[in-house]
Amino acid sequence: MTDAASDSNAPAYSVSELAFALKRTLETSYAFVRLRGELSKVTHHGNGHVYLTIKDDKSAIDGVVWKGNVRGLGVRPEHGLEVIVTGKITTYPAGSRYQIVIETMEAAGVGALLAQLERLKAKLAAEGLFAPDRKRPLPSMPAVVGVITSPTGAVIRDILHRIRDRWPCQVLVWPVVVQGDAAAGQVSAAIRGFNAIAPGGPVPRPDILIVARGGGSVEDLWAFNDESLARAVAEGTIPLISAVGHETDTTLIDFVSDRRAPTPTAAAEMATPVLSELRALVSDYDRRLSNSGGRAVEERRTRLVSAARGLPRPADLLALAQQRLDLAVRGLPRLDDLTAPADRRFKEVAARLDAALQRNTDIHARDLLKVTARLSPDTLHRQRNDAGRRVGDFGRRLDLAARRVPERIAQHARLPALQERLNAVARRRLEREGDRLAGLEKLRQSLNPERPLELGFALVRKADGTIARSAGELASGERVNLKFKLGDRDAVIDGESSVAVPPPAAPARPAPKPKAPPPPSDQGSLF
């Protein structure tokens, strides 16, 4: 049998030749295949390719979606999703495996799409994108409304007509396609574009956004179930109203938006108030404010009248104070008593003046008899008038002195306050002098020659009582006296000094005569 096999004319293939021959055969025979099955082992590679397995209840086949085809898929590949794919069958020669290179992918039916939607909804809900506390309140009176919808069709006309009837404001329309593969990307870009507008720029920033589309089938509305669109709505800072489809239609954007409207017309009504209703409300508020203000004024007037009835009369309030004033005045000396001595002196002076005037008049009368011929009545009248004026001036001076008596009394009353101020000045002066005395005491302690003895030093005195200031002044065998803080001891110098003996000092000059102490001053001296 071995010899027969070796004598055969059949050529021998290499492994690579056989693998690539099978690859060409499969790719030629199955260049286009439409395959239905359930996805499993879905892996999104870092380079953008997607690797997966398509299976049914009996068999499974590996599949790959190249990076250039991922973006054009009708659905996002997920584990457990039933899909219909188209592509070609090929082999992987390095592993002797065959696989399908997927070019298109779509859900196998409505049930599969809804199952995928439920899984995506559960994922986003777990991330908190549907939480009620994330919902932003809608502005009550928006100045600019942004609308994201198709520029053609009845939806945009209904929204503009409804806003124009209710609330005069500016409307910005961002045209997008609302159906198909490009719809989700365009709507997401419109939402991010509106949120990127800076306040106060050339293009006004909307106060509220409306994403609207008319009704349709599940497939028609499927673009609004896109995960990237839901995340774009969640990332926005402008409140957003979702108005996709009819009231019975529900998409993923409805759960993420701040408010869901059953129809586009209802979204316009949610976004804008009714101007006529606001005017009526303001008029009602004005009427209620006027009525409440009138009632409040009337109520306070009634309370004021009631409170005034309970207050005592002013005369009764002043009676007690008047009585205390009378008692206080009664204890003060009377003005008559204060001016009585001056009045008595005035009367005495006036009496003396009258007597003197009378005597002077008598003398002049006698002289007048002598010189009648030389005098005239006018001269006598002038002298009498001059005397009367002098008497009047003196009386006025006495009145002025009497009026100054209360001022003198007030000056005497200020004496206790002046005494307190004088005592305070004296206390401050004593404190300053005490501080100076303490400073002088510290200075005296610092200049005390015996203070180093407290630190353990000793004072060395020679036999003649002079202080030895260096070792060179002492000779070996010389007796010295060591004075400590407590007591002193005699000692004998031993050894030779290592310090050079300084030259003998010049004879001391006679001390100068002490200068006369300077005259005492108020400032004092530190020494």
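What comes next concerns the included structure.

About the criteria used
Residues numbered from 1 in each chain as written. Predicted model: local features only at pLDDT ≥ 70, side-chain atom pairs only at ≥ 80, totals over all residues. Heavy atoms only, no water. Pairing = 2+ DSSP bridges. Helix = DSSP H or I, 4+ residues; strand = E, 2+ residues; numbered from the N terminus. Axes fitted to C-alpha atoms, helices over the stretch in contact; angles between N-to-C directions. Parallel < 35°, antiparallel > 145°, perpendicular 65-115°, else oblique. Left-handed = near helix turned anticlockwise from the far one by under 90°. Contact = heavy atoms within 4.5 Å. Nonpolar A, V, L, I, M, F, W, Y, C, P; charged D, E, K, R; others polar. Core = buried A, V, L, I, M, F, W, Y, C linked by side-chain atoms within 4.5 Å. Buried < 20%, exposed > 50% of the residue type's maximum accessible area, 1.4 Å probe, protein only. Salt bridge = Lys/Arg side-chain N within 4 Å of Asp/Glu carboxyl O. Expected span 1.5 Å × (residues − 1). Patch = residues over 30% accessible without salt bridge, like charges linked within 9 Å, V, L, I, M, F, W, Y side chains within 5 Å. Areas by Shrake-Rupley, 256 points an atom, 1.4 Å probe, with all protein chains shown as cover. 1 Å grid on protein atoms, 1.4 Å probe; cavity = no way out; pocket = protein on both sides within 12 Å on 5 of 7 lines; lining within 4 Å. Points joined across faces, edges and corners; volume = space filled by probe spheres on them.

In spatial order, the strands read β7-β6-β8-β9-β10; together these 5 strands make up an open sheet with parallel pairing. Strand pairing shows two members of the sheet lacking a second neighbour, β7 (170–175) and β10 (259–260), which therefore form its edges. Where strand β6 (residues 144–149) meets strand β8 (residues 208–213), 4 bridges bridge the pair, whose relative direction is parallel. Its bridge partner lying in β8, V147 is registered against I210.

A few words on the packing of helix α5 (residues 154–166) against helix α9 (residues 264–271). Contact geometry of α5 with α9 gives a least axis separation of 8 Å together with a crossing angle of 30°. Classified by the angle between their axes, α5 and α9 sit roughly parallel to one another. The hand of the α5/α9 crossing is right-handed. Each of V155, D158, I159, R162, I163 and R166 in α5 lies in contact with α9, whose residues at this interface are P264, T265, A268 and E269. A class-by-class count of the residues in the contact of α5 with α9 yields 5 nonpolar, 1 polar and 4 charged.

Another aspect to go through is the nonpolar core. Membership of the largest hydrophobic core comes to 30 residues, with the highest contact counts inside it found for I148, V187, I191, V211 and F224. Those elements that place two or more of their residues in this core are α4 (110–126), β6, α6 (183–196), β8, α7 (227–235), β9 (240–244) and α8 (252–256).

A few words on the pattern of salt bridges. Between side chains of opposite charge, a pair can form when the charged atoms approach closely. As enumerated under the stated definition, the model contains 22 salt bridges in all. Of the charged contacts in the structure, one is a salt bridge between R119 and E78, with a shortest N-O distance of 3.7 Å. Placement of R119 in helix α4 and of E78 in the loop between α3 (67–70) and β4 (82–92) is noted, with a sequence separation of 41 residues between them. Residue classification places R119 among the partly exposed positions, given a relative accessible area of 32%.

Counted at 1.5 Å a residue, the expected span for α6 with its 14 residues is 20 Å, and the 20 Å between its end C-alpha atoms agrees. Residues of α6 that are buried: A183, A184, V187, S188, A190, I191, G193, F194 and N195. Structurally, α6 contributes buried residues whose contacts are with β6, β7, β8, α7 and β9.

What follows is about a nonpolar patch on the surface. Together, Y13, L18 and L22 make up a nonpolar patch on the protein surface, roughly 340 Å² of accessible area in all. Note on placement: L22 falls in helix α2 (residues 15–29). According to the relative accessible area criterion, L22 is partly exposed, its value standing at 47%.

One open sheet accounts for 3 strands, arranged β11-β12-β13; its pairing is antiparallel. At either margin of the open sheet sits one strand with a lone partner, and together these are β11 (459–461) and β13 (488–492). Across the sheet, the axes of successive neighbouring strands diverge by a mean angle of 30°, strand direction being ignored.

Our focus in this paragraph is the layout of surface pockets. Estimated volume of the largest pocket: approximately 960 Å³. Considering the residues around the largest pocket, the lining is formed by 29 residues, among which L73, G74, V75, R76 and D226 are closest to the centre. Elements supplying a minimum of two residues to the lining of the largest pocket: β5 (97–107), α4, α6 and α7. Looking at the lining of the largest pocket residue by residue, the classes come out as 11 nonpolar, 9 polar and 9 charged. For the second largest pocket, the lining is made up of 15 residues, of which L357, N360, T361, Q383 and A387 are closest to its centre. Of all the secondary-structure elements, those providing two or more residues to the lining of the second largest pocket are α12 (335–370) and α13 (377–403).

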